[in-house]
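Descriptive structure summary
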Amino acid sequence: MKIRIDIDAKHEESSVTIHAKEWTKEVEELVNLLQNKQPKRIVSVQEDRSILLNPEEIDYVFARNRKVFAMIGGECMELKMKLYEVEKLLHVSGFIRFSKSVVGNINQIDRFELSFNGNLCVFFKSGSKEYVSRKYVQELKAQIVEGGESRDH
């Protein structure tokens, strides 16, 4: 991808033009980033209270028994969303699919360990851990190599 920046006093306001052969995931992510479509908060439910969560603090989100939960520092918080909705919403914040039932925050990963069955065990900075199924290992590796932090802002 080529990037050209033209700083000149003659410009009244900032504008961005994207030239691409076709609409791609990369173009969509760039548009979302430019429009600052990064969620600031996500709402969890605990008993009769609604609690605002900062997506940056979430280690991973998982589905169990037809409910969706966010894991923050070892604490489970229920979300009133479907897992695919959370994945789509938080994708620009560095969340990617770990397995059929888990979406993880690559910016909270501390280290990895390879399991004997080919799955990857991911350890988060908070101390919690989750597994990445073989199907999603390559995508995770690609995101890590590209740099999860660069997708934050």
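Relevant structure appears above.
Residues numbered from 1 in each chain as written. Predicted model: local features only at pLDDT ≥ 70, side-chain atom pairs only at ≥ 80, totals over all residues. Heavy atoms only, no water.

Let's talk about the overall build of the protein
In terms of regular secondary structure, the protein is built from 3 helices and 10 strands. In the protein, the succession of α and β elements from N to C terminus is α-β-β-β-β-β-α-β-β-β-β-β-α. Referenced to the eigenvectors of the C-alpha coordinate spread, the extents of the protein come out at roughly 55 × 40 × 25 Å. In the protein, buried positions account for 38% of the 153 residues. Sequence-distant contacts, at least 24 apart, represent 43% of the contacts inside the protein between residues at least 6 apart. When the accessible surface of the protein is summed, it comes to about 10,700 Å², and 50% of that surface belongs to carbon and sulfur atoms. (Helix = DSSP H or I, 4+ residues; strand = E, 2+ residues; numbered from the N terminus. Buried < 20%, exposed > 50% of the residue type's maximum accessible area, 1.4 Å probe, protein only. Contact = heavy atoms within 4.5 Å. Areas by Shrake-Rupley, 256 points an atom, 1.4 Å probe, with all protein chains shown as cover.)

As for the sheet that holds strand β8 (residues 109-114)
Strand order in the open sheet formed by 3 strands is β8-β9-β10, and the pairing between neighbours is antiparallel. Each edge of the open sheet carries a strand with a single partner, namely β8 and β10 (129-132). With direction set aside, neighbouring strand axes in the sheet form an average angle of 25°. In this sheet, β10 lies alongside strand β9 (residues 120-124) in antiparallel orientation, the contact comprising 4 bridges. Within β10, the position partnered with Phe123 by the bridge is Lys129. (Pairing = 2+ DSSP bridges. Axes fitted to C-alpha atoms, helices over the stretch in contact; angles between N-to-C directions.)

Quick look at the side chain of Asn105
As for its placement among the helices and strands, Asn105 is situated in strand β7 (residues 102-105). The exposure class assigned to Asn105 is buried, which follows from its relative accessible area of 1%. Not counting residues within four places of it along the chain, the set of residues in contact with Asn105 comprises Pro55, Glu56, Ile58, Asp59, Ser93, Gly94, Phe95 and Phe124.

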